[in-house]
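Topology and contacts: notes
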Amino acid sequence: MNDAAWMRQALLQAESAAALEEVPVGAVLVDADGELIAAGHNQPISAQDPSAHAEIVVLRAAAKKLANYRLPGTTLYVTLEPCVMCVGALVHARVARLVYGATEPKTGAIESAQKLFETGEFNHRPEIEGGVLADECGALLTRFFERKRAARR
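Reference entry: report on the structure contained in this document. Computed from a predicted structure; not experimentally measured.

**Observations concerning the overall build of the chain**
A count of helical and extended segments in the chain gives four helices and five strands. Secondary structure elements in the chain, listed N-terminal to C-terminal, are α-β-β-α-β-α-β-β-α. Seen through its C-alpha atoms, the chain measures out along the principal axes to roughly 50 × 30 × 30 Å. Considering only residue pairs separated by 6 or more positions, the chain has 57% of its internal contacts joining residues 24 or more positions apart. When the accessible surface of the chain is split by element, carbon and sulfur atoms take 51% of a total near 7,900 Å².

As structure tokens, this is what we get:
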């Protein structure tokens, strides 16, 4: 599968999050052979865990499945630009490639609010591709928050 196809899998995960009233962010982790290792979505509310972002959920599941906290040669697909916490986890896991959809102007740590990899201080830097299916990823988030605001009125 190509990047768009894997991002569609991450979007399915994001839709699952939305159905559970979680912020609709989804992620999948794929190995170098193009095989799915793990999939997941945001669940900080249901898990009562502020670290349960889609990326962290997927990295934890993959590390457990592979019995290794290092995940070299993998690609993480996520529907939203990762935050500072998730960038740190990607670095520690040694994910080889990050592909994300929509940018996150308030907390994005790749190109938006922060540009963490531009410091040159990390001991690992994944290859990064942003904007894959960005419109679809962003639209899912927009619809979710519009619905939430309308329900409060």
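**Remarks on the side chain of Ser-51**
Along the polypeptide, Ser-51 turns up in the loop between strand 2 (36-41) and helix 2 (54-66). Residue classification places Ser-51 among the buried residues on the basis of a relative accessible area of 16%. A distance of 3.0 Å separates polar atoms of two side chains, one belonging to Ser-51 and the other to Arg-60.

**Quick notes on helix 1 (residues 3-19)**
Between its first and last C-alpha, helix 1 extends 24 Å over 17 residues, near the 24 Å set by a 1.5 Å rise per residue. Of all the positions in helix 1, only Ala-5, Trp-6, Met-7, Ala-10, Leu-11, Ala-14, Ala-17 and Ala-18 are classed as buried. One side-chain oxygen at the N-terminal end of helix 1 lies 3.2 Å from the backbone nitrogen of Ala-4; it belongs to Asn-2. Phi turns positive one or two residues past the end of helix 1, at Glu-21, with a value near 65 degrees.

**Section: helix 4 (residues 134-152)**
Here helix 4 spans 27 Å end to end across 19 residues, near enough to the 27 Å set by a 1.5 Å rise per residue. Every buried residue of helix 4 is accounted for by Cys-137, Gly-138, Leu-140, Leu-141 and Phe-144. Seen from one end, helix 4 has its buried residues packed into an arc of 155 degrees, which puts them on one side. Check the buried side of helix 4 and you find it contacts helix 1, strand 3 (75-80) and strand 4 (97-102).

**Notes on the environment of Ala-27**
Following the sequence through the fold, Ala-27 ends up in strand 1 (residues 26-30). The class for Ala-27 is buried, based on a relative accessible area of 0%. When the C-alpha positions of Ala-27 and Ile-37 are compared, they lie 11 Å apart, and in sequence the two are 10 residues distant. Once residues within four sequence positions are removed from consideration, Ala-27 is found in contact with Ala-10, Gln-13, Ala-38, Ala-39, Gly-40, Ala-54, Glu-55, Val-58, Leu-76, Tyr-77 and Val-78.

Rules used throughout
Residues numbered from 1 in each chain as written. Predicted model: local features only at pLDDT ≥ 70, side-chain atom pairs only at ≥ 80, totals over all residues. Heavy atoms only, no water. Helix = DSSP H or I, 4+ residues; strand = E, 2+ residues; numbered from the N terminus. Contact = heavy atoms within 4.5 Å. Areas by Shrake-Rupley, 256 points an atom, 1.4 Å probe, with all protein chains shown as cover. Buried < 20%, exposed > 50% of the residue type's maximum accessible area, 1.4 Å probe, protein only. Polar contact = N/O pair within 3.5 Å; in protein donor to acceptor, adjacent residues only side chain to side chain. Expected span 1.5 Å × (residues − 1). Arc of directions from axis to C-beta.

As far as function goes, none of this settles anything; it's purely spatial.
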